[in-house]
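Take a look at the letters that make up each chain.
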Amino acid sequence: MLGRRSDAWGHLLATLASAAAFVVGLLVVLEVVGQSPEARVNDVHLFSWIPAGELSIDAGLRVDPLSLTFVMLITFVGTLIHVYSIGYMSHDVARRRFFAYLNLFVAAMLVLVLADSYALLFVGWEGVGLASYLLIGFWNQRTEYAVAAKKAFVMNRVGDMGLLVAMGLLFANLGTVSFSGVDAAAGSLSTPMATAIGLALLLGACGKSAQFPLQAWLGDAMAGPTPVSALIHAATMVTAGVYLIVRADAVFSAAPTAQLVAACIGAFTLLLGAAIACAKDDIKKSLAGSTMSQIGYMVLAAGLGPIGYAYAIFHLVTHGFFKAGLFLGAGSVMHANGDATDMRTYGGLRKVMVVTWVTFAACWLAIIGVPPFAGFYSKDKIIETAFVGEGWQPWVFGGAALVGAAVTAFYMSRMFFMTFHGKARWVDDAASLGADDPRPHRHPHESPLVMTLPVVVLALGAVALGFLLSLGDGITGWLEPVTGHVDHPEPVLPIPVIIATTLVLVAVGVALAWRQYGMNAVPTTAPAGSVLTRAARRDLFADDVNEALVMRPGQHLTRTLTYADTAVVDGAVTGAAAGTVASGRVLRRLQNGYVRSYAATILAGVVVAGAVLHLVRL
Amino acid sequence: MSLVHYLVLSGVLFSIGAITVLVRRNAILAFMGVELMLNSCNLALVAFSRIHGTLTGQVMAFYVMVVAAAEVVVGLAIIVSIYRARRTVSVDEPSLLKG
């Protein structure tokens, strides 16, 4: 509406909107904290949304510790990313549009988490899907970026179908989709029905959270500007799936099979993402694999049921901080290196980018779970929880979580060392040593304050948040009104043993990465690598599988349908028209204006009519 | 003489009239064909009337004659005006009303 006139201040307005949302959220949190735990779940009825006879859907907000946790995370991290984007996108002509999309993203996510029914949640759910599509394809002048956006959009729609089916089943069986209604009545569902609803919800969660088998869009989502990646990966979008599983607690509690499937998917994606992250040379794609893996941890925890919910959310919050920090740090590195994303062309950046180096290090230590950084508290709790259970489950889930921790340590250290340590694999423009040097010429520099400041804040969160939130069971106690009170069950192994094993594995992972990428020289072109490496570089053939199983048959189907449409349906219509035209052309000959031919026609008609009458009589 | 004789004569007359209308180009002759067809119908009507002993057929024959006279008046007028305009009485020359 204001057009180019708002170019100068549009981004500030957007940032201010996000910050204002944070302030409002903070005030609500302070109010809720003052209440007794029982009074902390509030439904605010807004308006009657779809009244249709017996059936009516109301739009309302649910304000409880879970949604408020998300509100805090989304608005706080979102605001920091807004601030960062002011610097990062300062050269982009469409910056105004970019900030509008960012605000849409945050707003949709707030609708998602504040909704008091699955129906309104779905509105936000679609909103973030749309916003992610717009943002991933923000630089859509490049075809592959536009394709990546389309891919994210389509794969998300597949997941949305699951959510829609779940809503339909809830309506058919319970006659309501509000959280309170479903929570109250979910116990009356038959087990197979609850399992079906749970699996459908899980499909939705998998689409949004990039879990197997709908994980392939996340790597390509790196096509968007880096702050978008940070926002998608840290505060919005991918966290929605975990939120949904925790929110649908009542359904999942009635469906142990669906819960088990969720845990299996989480454990599997956790390893899958880690494997992909190990092999990528693109710093953002490696981080994307890491997100997949970390969300896998959360889905695993959420799949374990009420004992894991609080820890899933806990890890989600800390992950929001350090993953946003990592992405913004990666953006800072790219900013300094002329938008190059290949880590093999970095190296030795710690001297020229001290702030980025320090903050990245803090987030790195946080994500690999070194005490006392944030990731240690949250991830360790998940690993402990994974070891709770009976039979084979604790050993498989716990084992996967442990291996995941080791691999996480490896790939994050690899990224860290490749980027900031070792010899520089670039030539400084200023001290150009000769034009025949094959290394890229660059002039890395520290990013401006508007970009480093949010990263510093996020890094502080990555350092301290885990400790602060786990202080006196802070986060678990806070979430108790939603997730329910759970007595701590004993894992199959003693807790100190689990912690020690985790730390040893993390240390081994870091040491391996240091030996490979810190001490030794890193080749600037990727070596051929083993079969596994090559497979991981290609996302473990996820694209090929999708293409062969879904895309190709789909295209054939549409092509067949199009052909059938043109040949049969259009053919029938145009054929009928052509037939009319042809018969008209023949009949026109009769109207030749010759009186005698008319008379002959009439006579012939009379004779025929007479003959017919005569025959019928007989 | 039985009814069949009258009806055969009527059919023969009708056929001659019809063939005249279809074959001759001259409008006047075509008209005479039409009159012949009408008269064959009259013959059949009067014959039926005699056989059944009622007057209905005779009355109908009078009607036909009246209509035929009216038709001849209109038809001749058209023929005359066509002749005035085109100098022809052929029914094939003017075919302006073709589709």
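How each quantity is defined
- Residues numbered from 1 in each chain as written.
- Chains lettered and ligands numbered in written order.
- Predicted model: local features only at pLDDT ≥ 70, side-chain atom pairs only at ≥ 80, totals over all residues.
- Heavy atoms only, no water.
- Helix = DSSP H or I, 4+ residues; strand = E, 2+ residues; numbered from the N terminus.
- Rg over C-alpha atoms; globule rule 2.2 N^0.38 Å.
- Buried < 20%, exposed > 50% of the residue type's maximum accessible area, 1.4 Å probe, protein only.
- Contact = heavy atoms within 4.5 Å.
- Areas by Shrake-Rupley, 256 points an atom, 1.4 Å probe, with all protein chains shown as cover.
- Lys, Arg positive; Asp, Glu negative; His and termini not counted.
- Charge placed at Lys NZ, Arg CZ, Asp CG, Glu CD.
- Disulfide = S-S within 2.5 Å.
- Phe/Tyr/Trp six-rings, centres within 6.5 Å; stacked < 30°, edge-to-face > 60°.
- Axes fitted to C-alpha atoms, helices over the stretch in contact; angles between N-to-C directions.
- Parallel < 35°, antiparallel > 145°, perpendicular 65-115°, else oblique.
- Left-handed = near helix turned anticlockwise from the far one by under 90°.
- Nonpolar A, V, L, I, M, F, W, Y, C, P; charged D, E, K, R; others polar.
- Expected span 1.5 Å × (residues − 1).
- Core = buried A, V, L, I, M, F, W, Y, C linked by side-chain atoms within 4.5 Å.
- UniProt positions renumbered as here; feature names shortened; annotations may be inferred.
- Buried area = accessible area lost by both parts, 1.4 Å probe.
- Salt bridge = Lys/Arg side-chain N within 4 Å of Asp/Glu carboxyl O.
- Polar contact = N/O pair within 3.5 Å; in protein donor to acceptor, adjacent residues only side chain to side chain.
- pLDDT = per-residue confidence, 0-100.
- Patch = residues over 30% accessible without salt bridge, like charges linked within 9 Å, V, L, I, M, F, W, Y side chains within 5 Å.

Q: Describe in detail the overall build of chain B, supporting the description with residues and values.
A: Within chain B one finds 3 helices and 0 strands. Helices (α) and strands (β) of chain B occur, in sequence order from the N terminus, as α-α-α. Its C-alpha atoms give chain B a radius of gyration of 16 Å, clearly above 13 Å, the size a compact globule of 99 residues would have. Considering only C-alpha atoms, chain B reaches an extent of 50 × 25 × 25 Å along its principal axes. Burial analysis of chain B (99 residues in total) assigns 27% to the buried set. Restricting the contact set of chain B to residue pairs at least 6 apart, pairs at least 24 apart contribute 56%. For chain B, the exposed area adds up to about 6,600 Å²; of that, 72% sits on carbon and sulfur atoms. Between the centroid of the 7 positive side chains of chain B and the centroid of its 4 negative side chains there is a distance of 4 Å.

Q: Break down the overall build of chain A for me, citing the residues and quoting the values.
A: Within chain A one finds 23 helices and 4 strands. A principal-axis box enclosing the C-alpha atoms of chain A has dimensions of 110 × 70 × 55 Å. Sorting the 618 residues of chain A into buried and exposed places 51% on the buried side. Looking at chain A alone, contacts between residues at least 24 apart form 79% of all its contacts between residues at least 6 apart. Element-wise, carbon and sulfur atoms account for 69% of the exposed surface of chain A, whose accessible area totals about 25,900 Å². Between the averaged position of the 38 positive side-chain charges in chain A and that of its 37 negative side-chain charges there is a distance of 14 Å.

Q: If you had to explain the state of the cysteines to someone new, which residues and values would you point to?
A: Residue and element names in this part refer to chain A. What the rule picks out here adds up to 0 disulfides over all chains. The cysteine Cys-278 is free of any disulfide, with Cys-363 supplying the nearest cysteine sulfur at 19 Å. For Cys-278, a relative accessible area of 18% gives the class buried.

Q: Account for the packing of aromatic side chains, naming residues and giving values.
A: All names here are of chain A. Using the criterion set out here, one finds 20 aromatic pairs over all chains in the structure. When the ring of Tyr-133 is compared with that of Phe-153, the centres are 5.0 Å apart and the planes differ by 55°; the resulting orientation is tilted. Taken together, the positions of Tyr-133 in helix α4 (residues 118-136) and Phe-153 in helix α5 (residues 143-174) put the pair 20 residues apart, joining distant regions of the chain. According to the relative accessible area criterion, Tyr-133 is partly exposed, its value standing at 33%. Pairwise contacts between aromatic rings join Phe-360, Trp-364, Phe-416, Phe-417, Phe-420 and Trp-514 into one cluster.

Q: Give me the lowdown on helix α10 (residues 238-247) of chain A, citing residues and values where you can.
A: In terms of residue burial, α10(A) counts as a mostly covered element, since 10 of its 10 residues are buried. Among the residues of α10(A), Val238(A), Thr239(A), Ala240(A), Gly241(A), Val242(A), Tyr243(A), Leu244(A), Ile245(A), Val246(A) and Arg247(A) are the ones counted as buried.

Q: Residue-level account of the packing of α5(A) against helix α7 (residues 191-209) of chain A, with values.
A: Residues and elements named next belong to chain A. Closest axis-to-axis distance for the α5/α7 pair is 7 Å, and the angle between their directions is 155°. As far as their axial angle goes, α7 and α5 are roughly antiparallel. The interaxial crossing formed by α5 with α7 has left-handed handedness. Each residue belonging to the contact of α5 with α7 can be placed in one class, and the counts come to 13 nonpolar, 6 polar and 3 charged.

Q: Describe α4(A), listing the residues and the values that go with them.
A: End to end, α4(A) covers 26 Å across 19 residues, agreeing with the expected 27 Å (1.5 Å per residue, within 8%). Where burial is concerned, most of α4(A) is hidden: 14 out of the 19 residues are buried.

Q: Explain the nonpolar core residue by residue, including any values.
A: All names here are of chain A. By size, the foremost hydrophobic cluster in this structure holds 185 residues, and its most contacted members are Tyr-118, Leu-201 and Trp-217. Counting residues per element, this core draws most heavily on helix α14 (residues 306-336), which supplies 18 residues. Residue contacts for Trp-217: discarding those within four places in its chain leaves Lys-151, Ala-152, Met-155, Asn-156, Gly-207, Lys-208, Ala-210, Ile-232, Met-237 and Val-238.

Q: Before we move on, could you go through the UniProt feature "transmembrane region" (unreviewed entry) in chain B and cite the residues and values that matter?
A: Residues and elements named next belong to chain B. UniProt tags residues 6-23, 28-48 and 60-83 as "transmembrane region" (unreviewed entry). Secondary structure across residues 28-48 comprises 100% helix and 0% strand; the distance between its end C-alpha atoms is 30 Å. Annotation note: span residues 60-83, helix share 100%, strand share 0%, distance between end C-alpha atoms 34 Å.

Q: Explain the packing of α10(A) against α14(A) to me, using residue names and the numbers behind them.
A: Residues and elements named next belong to chain A. The N-to-C vectors of α10 and α14 enclose an angle of 160°; their axes lie 10 Å apart at closest approach. It follows that α10 is roughly antiparallel to α14 by the angle criterion. The crossing of α10 and α14 is left-handed. Counted together, Thr-239, Val-242, Ile-245 and Val-246 of α10 and Tyr-309, Ala-312, Ile-313 and Leu-316 of α14 form the full contact between these two elements. Grouping the constituent residues of the contact of α10 with α14 by class yields 7 nonpolar, 1 polar and no charged.

Q: An account of the interface of chain B and chain A is needed here, citing residue identities and associated values.
A: A common way to report how large an interface is uses the accessible area buried once the components associate. Every contact between the two is made by 14 residues of chain B and, on the other side, 11 residues of chain A. Taken together, both faces of the contact between chain B and chain A bury some 950 Å²; the carbon and sulfur share is 61%. Applying the counting criterion to the chain B and chain A interface returns 0 salt bridges. Our enumeration of links across chain B and chain A arrives at 2 residue pairs in polar contact (both at pLDDT 80 or more).

Q: Which residues make up the pattern of salt bridges, and what values go with them?
A: Residue and element names in this part refer to chain A. For the structure on display, the rule yields 6 salt bridges over all chains. One salt bridge connects Arg-157 with Asp-160, and the closest N-O pair in it is separated by 2.6 Å. Of this pair, Arg-157 and Asp-160 both sit in helix α5, 3 residues apart, roughly one helical turn. Among the residues examined, Arg-157 registers a relative accessible area of 22% and is labelled partly exposed. Taking relative accessible area as the criterion, Asp-160 reaches 3% and is therefore assigned buried. Note that Asp-160 and Lys-208 form a salt bridge whose closest N and O atoms lie 3.9 Å from each other. Residue Asp-160 is located in helix α5, and its partner Lys-208 is located in helix α7; the two are separated by 48 residues in the primary sequence. Each member of the pair, Asp-160 as well as Lys-208, carries the same accessibility label: buried.

Q: Can you explain the environment of Ser40(B)? Please cite residues and give values.
A: All names here are of chain B. Structurally, Ser-40 can be placed in helix α2 (residues 27-52). On the basis of relative accessible area, Ser-40 is assigned to the buried category, the value being 1%. Sequence-wise, Ser-40 and Leu-96 are 56 residues apart; in three dimensions their C-alpha atoms are separated by 32 Å. Contact partners of Ser-40, with chain neighbours within four places excluded, come to Ser-10, Leu-13 and Phe-14.

Q: A description of the side chain of Asp64(A) should follow, citing residues and the corresponding values.
A: Inspection of the secondary structure puts Asp64(A) in the loop between β2 (55-63) and α2 (65-88). Looking at Asp64(A), its side chain comes within polar contact range of the main-chain nitrogen of Ser67(A), at 2.9 Å.

Q: Account for the environment of Leu469(A), naming residues and giving values.
A: All names here are of chain A. Take Leu-469: it is sitting in helix α18 (residues 449-470). A relative accessible area of 23% places Leu-469 in the partly exposed class. In this structure the C-alpha to C-alpha distance between Leu-469 and Leu-326, which are 143 residues apart in sequence, comes to 21 Å.

Q: How would you summarise the confidence of the model for chain A if you had to cite specific residues and measurements?
A: Close reading of the predicted structure is inappropriate where its pLDDT is low. Averaged over all residues, the pLDDT of chain A is 81; the fraction at 70 or higher stands at 91%. Within chain A, helix α23 (residues 595-617) of chain A carries the highest mean pLDDT (88), whereas helix α21 (residues 531-537) of chain A carries the lowest (69).

Q: How would you summarise a nonpolar patch on the surface if you had to cite specific residues and measurements?
A: Residue and element names in this part refer to chain A. Residues Val-44, Leu-46, Phe-47, Trp-49, Ile-50, Val-111 and Val-123 make up a contiguous nonpolar surface patch of about 540 Å² in total accessible area. In terms of residue count, the dominant contributor to the nonpolar patch is strand β1 (residues 42-52) (5 residues). Considering the arrangement of structural elements, one finds Val-44 in strand β1.

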